[in-house]
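The lines below spell out each chain.
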Amino acid sequence: MSTGRRRRPAHRWVLAASLALCTTTFALPANSAEPAPAPPAADGLALTPPMGFNNWNSTHCAEDFNEKLVRDIADIFVSHGLKEAGYTYVNLDDCWALPDRAPNGDLVPDPVRFPHGIKAVADYVHAKGLKFGIYSSAGTKTCHPDGFPGALGHEQRDANLFASWGVDYLKYDNCNNQGVNAVERYTKMRDALKATGRPIVFSICEWGVNKPWEWGKGVGHLWRTTIDISDSWASMLSILKQNMVRADHAGPGHWNDPDMLEVGNGGMTDTEYRTHFSLWSMMAAPLLIGADLRKVTPETFEILGNKDVIAVDQDPLGVQGRPIRSAGGLHVFVKPLAGGDKAVALFNENDTPARIDTTAAEVGLPASAGYKLRDLWAHTDAHTTGAISAVVPAHGTTMYRIGADRHWFQYPPALDAAAEVELSYSGALPVVAPDTPVAYTTTLGNSGGAPVHSVRAKLIAPPTWSVRPTSDVETTALRENERFRTTWEVSAPPGTPPGRYPVSATFEYVNPQTGAPATLTNVAEAVVPEVPHTGTQYLSDVSWLRTTNGWGPVEVDHTNGARAPGDGGPLTLRGVYYAKGLGTHALSSVEYFTGGACSEVRALVGVDDGKTGSVTFEVWADGDRVYDSGTLTVADPARQLVADVTGAKAIRLVATDAGDGIQNDHADWADLTLTC
Ligand code: GLA
């Protein structure tokens, strides 16, 4: 039995697409973009996006994909309130069958994984009041290299078998399709499922290659719009950006599917998973849990079980939300809801917290003296007279439900709190270097129609840090649409180890409705960097602040191998071996802290020997590009790079694709040094 995990090389171009899309700027009026609600699907299935579980993202074909997993997940759905929250389908993915069909042509369940057969697990799932799903491919074999049988040419036999087992959901993949037209292949299985007489949700999984959004309605109930998701921020972001432009095609019974959830699998932070879950819900995506719920944290259950957010996904109007504004990595998504409310997601894809503002009018609400604003992650209600504003953490999403409400004044004013450090350039990380005072600003904003009183600001840093206000920390009243700012001087003690540290703004005030004291806190992060020493040093010996890379990770003292950490070879440029340097792959950026104390970067740069790509090498000192190599290929001799970085707080080493895509763009920075 195979326990191997499959790798999909196509993932690489997804990252490139994501990087290319990062700078997209556009604006759409919310109202004009709203499709009319679609009539219910003819068969009444999937009137809201399907919710449930699928094992693929957590187990692939490892041994723990077996009947125990399925039973355990069904148990957890019930015991942890997920069934009650709406999760219904417990679905198997690839590798459940033996490679050969039975002599009569039937598929045969793997007897090691499913010793009691598939019907027994389906019965177990049904007995819990849940539904059961299975997987096949519209090809001669499924996608796994071990070659499990697909249903092409066996559609009716397989559909009948699935129906006899009690299958309620079929995910139908695209591998080994023998070049047969996709619409034909998927329509044939739709008809075979229909002929069984059993209601079965039909999930088209052809990765968006034949534009299923143009023909999938009426064939399947959902269709993948992209290649496979993986458990990384870059993958999630890239898929989001490909799926969010397909909003016109979704509606009850016919959904865009940006692939299953990675929430809880460990490759992203909880902030990033909240973003993933928020934006999938804003896009009315199927919510199929992809984590092994036997192994996840309480925070994962909290994210997956957020009923306020689930209600947005499952809203009966069935409209896919879309961005009405996206600029510089800050996005405002709006999803119209049944009854006239709007769901609004303020999404910050950047590495630094940022304020994102919109208004009731901009999100398409009618004029009103006030609106009820519910924060769907804090689960608090407030009122606003129109402004919607939040300082959103790096990679975070603030999500609201807002609607005109005649009784808006019953709720307290909507407040937003922030702690922001002065940045050395736009987009810089919130750096606090040891023994170097930095300026912070705390802000409390009031979007309500009533003042809050007796406001007091606090800035809370780790206990050994020094924090000193440099302006007033108190104000008697904060009125409508006012912001109360306090400036602070903060420093971390000498020798503070590099890392990320919480720094939060807390405001005490008096709730105008109740007269009771209240507090509001916003937690931000400070990055304490490694400080380079005086003299000349190899940068590959210094810890970077952050990196991005086109394929695989940036490699230290090796070339980029394009996949896993440490898979690169020796750094060689034109036959010369270099023991020190960085191996990157366009599009790439490696950032170091220099704290204004360094003067020069030097390196020999070029495309790695044997590679066919073309790249440019750039050095950025804070927000300024101070070196540009122009286009280099393997035909060019290694280029001597000398860049003046005097005074910069941070430097970035950037490799671009020279404008022709990122294929084979292995960019080597040999003998890379920094002088401070
Ligand atoms: C394809 C699909 C995945 C998964 C695997 C199984 O890659 O897109 O979601 O089903 O096949 O092999």
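Residues numbered from 1 in each chain as written. Predicted model: local features only at pLDDT ≥ 70, side-chain atom pairs only at ≥ 80, totals over all residues. Heavy atoms only, no water.

Caption draft 1: Expanded view of the side chain of Asp106. With respect to the helices, strands and loops of the structure, Asp106 is situated in the loop between strand E3 (89-91) and helix H5 (117-127). Owing to a relative accessible area of 19%, Asp106 belongs among the buried residues under this scheme. Only 2.8 Å separates the side chain of Asp106 from the side chain of Arg157, close enough to count as a polar contact. Dropping the residues within four chain positions of it, Asp106 is found in contact with Arg101, Arg157 and Leu161. (Helix = DSSP H or I, 4+ residues; strand = E, 2+ residues; numbered from the N terminus. Buried < 20%, exposed > 50% of the residue type's maximum accessible area, 1.4 Å probe, protein only. Polar contact = N/O pair within 3.5 Å; in protein donor to acceptor, adjacent residues only side chain to side chain. Contact = heavy atoms within 4.5 Å.)

Caption draft 2: View of the sheet that holds strand E22 (residues 474-478). Sheet architecture is open: four strands sit in the order E22-E20-E24-E25, paired in antiparallel fashion. The open sheet terminates on both sides in strands that have one partner only, identified here as E22 and strand E25 (517-528). Each adjacent strand pair in this sheet contributes to an overall mean axis angle of 25°, direction not counted. Of the strand pairs in this sheet, strand E20 (residues 452-460) and E22 are connected by four bridges, and their pairing is antiparallel. Among the inter-strand pairings, Val455 is bridged to a residue of E22, identified as Thr475. (Pairing = 2+ DSSP bridges. Axes fitted to C-alpha atoms, helices over the stretch in contact; angles between N-to-C directions.)

Caption draft 3: Seen up close, the nonpolar core. Residues Phe77, Tyr87, Trp96, Phe277, Trp280 and Leu293 are the most contacted members of the largest nonpolar core, which totals 103 residues. The residues that make up this core include at least three from each of domain 1 (49-316) and domain 2 (321-411). Excluding residues that lie within four positions of it along the chain, Leu293 makes contacts with Ile73, Ile76, Phe77, Leu82, Phe301 and Leu304. Counting residues in each nonpolar core, the second largest holds 30 residues, with Leu582, Ala586, Phe617 and Leu641 among its members. (Core = buried A, V, L, I, M, F, W, Y, C linked by side-chain atoms within 4.5 Å. Domains from an automatic or database assignment.)

Caption draft 4: Geometry of helix H10 (residues 270-282). In this model, H10 (13 residues) spans 18 Å end to end at C-alpha, consistent with the 18 Å of a helix rising 1.5 Å per residue. Across the 13 residues that make up H10, a large majority, 10, are buried. When we look at burial in H10, the residues that qualify are Glu272, Tyr273, Thr275, His276, Phe277, Ser278, Leu279, Trp280, Ser281 and Met282. Positioned one or two residues after H10, Ala284 has a phi angle of 50°, which is positive. (Expected span 1.5 Å × (residues − 1).)

Caption draft 5: Quick peek at helix H7 (residues 182-196). Between its first and last C-alpha, H7 extends 22 Å over 15 residues, near the 21 Å set by a 1.5 Å rise per residue. Tucked inside the fold, the buried residues of H7 contact helix H6 (155-165), strand E5 (169-173), strand E6 (201-204) and helix H8 (212-215). Between the side-chain oxygen of the N-cap and the backbone nitrogen of Val183 there are 2.9 Å, and the N-cap of H7 in question is Asn181. One or two steps after H7, the chain reaches Gly197, where phi turns positive at roughly 80°.

Caption draft 6: Fine view of the pairing of E5. With five of five residues buried, E5 lies mostly within the body of the structure. In terms of strand pairing, strand E4 (residues 131-137) meets E5 through five bridges, oriented parallel. Across the sheet, residue Tyr135 finds its bridge partner in E5, namely Lys171. Handedness of the crossover joining E4 and E5 through H6 is recorded here as right-handed. (Right-handed = clockwise from strand over helix to strand, strands pointing away.)

Caption draft 7: Representation of the state of the cysteines in the model. Summed over all chains, the structure comprises three disulfides. Between the sulfur atoms of Cys61 and its disulfide mate Cys95 the distance is 1.8 Å. One disulfide, between Cys61 and Cys95, carries an S-S torsion of 60° and so falls in the right-handed class. Note that Cys61 is positioned in the loop between helix H2 (56-59) and helix H3 (67-79) and Cys95 in the loop between E3 and H5, a separation of 34 residues in sequence. (Disulfide = S-S within 2.5 Å.)

Caption draft 8: Local environment of the environment of Lys131. With respect to the helices, strands and loops of the structure, Lys131 is situated in strand E4. Residue contacts for Lys131: discarding those within four places in its chain leaves Thr88, Tyr89, Val90, Val125, His126 and Asp168.

Caption draft 9: How the structure looks around the packing of aromatic side chains. Across all of its chains, the model carries 15 aromatic pairs by this definition. Summarising the aromatic geometry, the rings of Trp96 and Phe162 are spaced 6.3 Å apart at their centres and angled 65° between planes, so their arrangement reads as edge-to-face. Of this pair, Trp96 sits in the loop between E3 and H5 while Phe162 is found in helix H6, placing the two residues 66 residues apart along the sequence. Both residues of the pair, Trp96 and Phe162, count as buried. Between the aromatic rings of Tyr186 and Trp215, the centroid separation amounts to 6.2 Å while the plane-to-plane angle is 40°, which identifies the pairing as tilted. Taken as a pair, Tyr186 in helix H7 and Trp215 in helix H8 lie far apart in primary sequence, 29 residues in all. Here the aromatic residues Tyr172, Tyr186, Phe202 and Trp215 are joined through ring pairs into a cluster of three or more. Above the face of the Tyr124 ring, Arg71 is positioned so that its terminal group lies 6.0 Å from the ring centre. We note Arg246 situated over the ring of Trp213; from NZ or CZ to the ring centre the distance is 3.9 Å. (Phe/Tyr/Trp six-rings, centres within 6.5 Å; stacked < 30°, edge-to-face > 60°. Lys NZ or Arg CZ within 6 Å of the ring centre and 35° of its normal.)

Caption draft 10: Here's a closer look at the pattern of salt bridges. This model, assessed by the stated rule, comprises 40 salt bridges. The salt bridge involving Arg546 is made with Asp351; its shortest N-O contact spans 2.4 Å. With a gap of 195 residues between them, Arg546 in strand E27 (residues 546-548) and Asp351 in the loop between strand E12 (342-348) and strand E13 (354-359) connect regions that are remote in the sequence. One salt bridge connects Arg574 with Asp609, and the closest N-O pair in it is separated by 2.7 Å. (Salt bridge = Lys/Arg side-chain N within 4 Å of Asp/Glu carboxyl O.)

Caption draft 11: Representation of the pairing of strand E17 (residues 397-404). Judged by how many residues are buried, E17 sits mostly within the fold: six of eight residues are covered. As defined by bridge partners, E12 adjoins E17 across six bridges and the pair is classed as antiparallel. For Val344, the partnering residue across the bridge sits in E17 and is Tyr400.

Caption draft 12: Just the sheet that holds strand E34 (residues 616-621), in detail. Reading across the sheet, the five strands line up as E27-E32-E37-E34-E35 and stay open at both edges, with antiparallel pairing between neighbours. Each edge of the sheet is formed by a strand with only one pairing partner; in this case those strands are E27 and strand E35 (624-628). Sheet twist, expressed as the mean angle between neighbouring strand axes with direction ignored, is 20°.

Caption draft 13: A look at unusual backbone geometry. Residues Ala586 and Leu587 are joined by a peptide bond in cis, for which omega reads -5°. Despite not being glycine, Asp622 shows a phi value in the positive range, around 50°. On the basis of relative accessibility, which here comes to 13%, the residue Asp622 falls in the buried class. The phi angle at Ala658 is positive, at roughly 55°, despite the residue not being glycine.

Caption draft 14: Just the domain arrangement of the protein chain, in detail. Here the protein chain is described as being made up of domain 1 (49-316), domain 2 (321-411), domain 3 (417-528) and domain 4 (536-675). The gap between the C-alpha centroids of domain 1 and domain 2 is 31 Å. A buried area of about 2200 Å², summed over both sides, lies between domain 1 and domain 2, and 65% of it is on carbon and sulfur atoms. One can count three salt bridges joining domain 1 with domain 2. The partner of Arg374 in a salt bridge is Asp308, and the shortest N-O contact between them spans 3.0 Å. The tally of links between domain 1 and domain 2 comes to 13 residue pairs in polar contact (both at pLDDT 80 or more). Mapped onto the side of domain 1 that touches domain 2, the elements with two or more residues apiece are helix H9 (233-243), H10 and helix H12 (307-313). Of the residues that constitute the side of domain 1 that touches domain 2, the class distribution is 14 nonpolar, five polar and seven charged. (Buried area = accessible area lost by both parts, 1.4 Å probe. Nonpolar A, V, L, I, M, F, W, Y, C, P; charged D, E, K, R; others polar.)

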